[in-house]
Amino acid sequence: MTTDRPFLGVMLMLCFCILAPLGDSIAKLLGGTVVLMMLLFARFAVQAVMLLPIVAVSGQGLRLPRTLWLWTLVRTVLHILGIGLMFSALRYLPLADALAIAFVMPFIMLILGHFAMGEEVGLHRMVACAVGFFGTLLVIQPNFVAVGYPALLPLGVALVFALFMMVTRKVARAVDPVKLQAISGVQASVIILAVYLTFPTATGTVLFRYDGATWGLLAALGVLGTFAHLFMTWSLRFAPASTLAPMQYLEIPIGTAIGWIVFSDLPNGLAATGIFITVGAGLYVILRERQLSLQAPDARAAGSPEQARPFQP
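Structure report, in brief. (Residues numbered from 1 in each chain as written. Predicted model: local features only at pLDDT ≥ 70, side-chain atom pairs only at ≥ 80, totals over all residues. Heavy atoms only, no water.)

Within the protein, the regular secondary structure consists of 15 helices and 0 strands. Within the protein, buried positions represent 53% of all 313 residues. Entry remark: accessible area of the protein is about 13,400 Å², with carbon and sulfur atoms responsible for 72%. (Helix = DSSP H or I, 4+ residues; strand = E, 2+ residues; numbered from the N terminus. Buried < 20%, exposed > 50% of the residue type's maximum accessible area, 1.4 Å probe, protein only. Areas by Shrake-Rupley, 256 points an atom, 1.4 Å probe, with all protein chains shown as cover.)

Right, let's get into helix H2 (residues 36–58). With 23 residues, H2 should cover 33 Å at 1.5 Å per step; its first-to-last C-alpha distance of 34 Å lies within 8% of that length. Of all the bends found along H2, the most pronounced is centred on Leu-51 and spans about 30°, while Pro-53, a proline, follows it within four residues. Trailing H2 by a residue or two, Gly-59 shows a phi angle of about 80°, which is positive. (Expected span 1.5 Å × (residues − 1). Bend = angle between axes of the 7 residues up to and from the residue.)

Turning our attention to the side chain of Ser-88. Structurally, Ser-88 is set in helix H3 (residues 66–90). In this structure Ser-88 comes out as buried when scored by relative accessible area, which is 18%. Polar contacts involving the side chain of Ser-88 include one to the main-chain carbonyl oxygen of Gly-84, which spans 2.9 Å. Setting aside residues up to four positions removed in sequence, Ser-88 forms contacts with Leu-36 and Leu-153. (Polar contact = N/O pair within 3.5 Å; in protein donor to acceptor, adjacent residues only side chain to side chain. Contact = heavy atoms within 4.5 Å.)

What follows concerns the nonpolar core. Counting 75 residues, the largest nonpolar core has Met-13, Phe-87, Met-165 and Leu-218 as its most contacted members. Considering every element that reaches this core, the biggest residue donor is helix H7 (residues 153–172), with 10 residues. Each residue touching Phe-87, except ones within four places of it in the same chain, is listed here: Asp-24, Ala-27, Leu-36, Leu-39, Leu-40 and Leu-221. Counting residues in hydrophobic clusters, the runner-up holds 5 residues, among them Leu-51, Val-178, Ala-182 and Leu-230. (Core = buried A, V, L, I, M, F, W, Y, C linked by side-chain atoms within 4.5 Å.)

The relation between two aromatic rings is expressed through the spacing of the ring centres and the mutual angle of the planes. As enumerated under the stated definition, the model contains 3 aromatic pairs in all. Ring geometry for Tyr-210 against Trp-215: centres 6.2 Å apart, planes inclined by 75°, an arrangement best described as edge-to-face. Tyr-210 sits in the buried class, given a relative accessible area of 16%. The exposure class of Trp-215 is partly exposed, given its relative accessible area of 34%. When the ring centre of Phe-263 is taken as origin, the NZ or CZ atom of Lys-28, which lies over that ring, is 5.5 Å away. (Phe/Tyr/Trp six-rings, centres within 6.5 Å; stacked < 30°, edge-to-face > 60°. Lys NZ or Arg CZ within 6 Å of the ring centre and 35° of its normal.)

Attention now goes to the side chain of Thr-168. Take Thr-168: it is sitting in helix H7. Beyond its immediate stretch of four places on either side in the chain, Thr-168 contacts Arg-75, Met-232, Thr-233 and Leu-236.

On to empty space enclosed by the protein. Evaluation of the coordinates by the stated rule reveals 1 cavity of 30 Å³ or more. Considered as a void within the structure, the largest cavity measures approximately 350 Å³ in volume. Lining of the largest cavity is provided by 24 residues; of these, Phe-16, Ala-20, Asp-24, Phe-161 and His-229 occupy positions nearest its centre. Listed by contribution, the elements that provide at least two residues to the lining of the largest cavity are helix H1 (6–30), H3, helix H4 (95–102), H7 and helix H10 (212–238). A total of 6 residues in the lining of the largest cavity trace back to one element, the largest contributor, which is H10. When its residues are assigned to classes, the lining of the largest cavity shows 17 nonpolar, 4 polar and 3 charged. (1 Å grid on protein atoms, 1.4 Å probe; cavity = no way out; pocket = protein on both sides within 12 Å on 5 of 7 lines; lining within 4 Å. Points joined across faces, edges and corners; volume = space filled by probe spheres on them. Nonpolar A, V, L, I, M, F, W, Y, C, P; charged D, E, K, R; others polar.)

A few words now on the environment of Pro-177. Assignment of secondary structure puts Pro-177 in helix H8 (residues 177–198). Overall, Pro-177 belongs to the buried group, its relative accessible area being 2%. Sequence-wise, Pro-177 and Ser-235 are 58 residues apart; in three dimensions their C-alpha atoms are separated by 9.9 Å. The contacts of Pro-177, once residues within four sequence positions are left out, are Leu-230, Thr-233, Trp-234 and Arg-237.

Limitation: the analysis is restricted to geometry and does not speak to function.
Following this line, the structure appears as C-alpha cells:
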C-alpha cells in the first residue's frame, strides 16, 4: 500500500508532460508516411521489449489475479484507443491545438474522481477547471472551421484518457509500474497485430516496409511513450487523479514550443487566447494544491479511505 504524497505525484506528472508531447511530435512527423497501425505497434512493442527483461530480472513474472488481469486489459484497450485517436488528430491539427482541445480531459476526470472514486473536489478546483474548459472551446472553433469534424477527435482523446487514468489509479495501487507497463505492452502488441491481420486492407497494407531513419523515429516514439507513461503511472501511486488532472495543462505550453520549433506552427489569436485561459486555470489549481499540502501535510498524506485502500480484486 502506498501513502498519498501529492507533491511527489505532481513532479512525476511533470516528467510525463515533457515526454508525451515529444512523442506526439514524432507521431505527427511520421503521420504522412507511416500507417496508424504501425505507429501504434511501434509504440507498444518497444515498450514490451524494454520492460520485459526488467520484469524477468526482478523475478516478478507477469502473473496477476484474474480480476486484476481483466482490469489491466481494459486499461490497455483504452490506452490503444486514446493514442490512436490522438495520432489521427495530429494528421489534421497543429500539435498545440490538438493538445489544448484534449484538455477537456481534466474536467471530465474531476467529475469522475468525485462521483466514481469519492475523491474530494473543492469549489476552487471545480471553478478553475470549468474556466479551463471554456478556454478549450475557444481553441476548437478556428480548427473546426479549418478542418471540420477531425477537430473534434481530441475530444474523444479526452474522454478515453479520463477513463484510462481512472482505471490506472485503481490498478497502480496493486501492481508495480514497470510490471504494469510490460503487461500492457505485450497485450497491446498482440491486440494490434490481431486487428491488422484480421483487417489488413482497412488498417493499411504496409506495416513493416520503412527505411532506417523511419525505424529510428519509430523506436524513439516507443521509448518516449514508455518512459512518459511510466512517470504517469508512478504519479498515480502517490496522488489522487483529481490532484494530477490540472497538472497536465503544462503539456500545452510545452507542446506549443515543440510545435513552433519542429513544425513552425503557432496558434492563431482566438486559439492562443483559449490556450492562455486553459493554462492559467490549470496553474491556479496547481498552486492551490501545493498551498493546501503545505498547510495540512498530515491530512493530505493520509488521504481518504478510498485513496489509501489498495485495489481489491
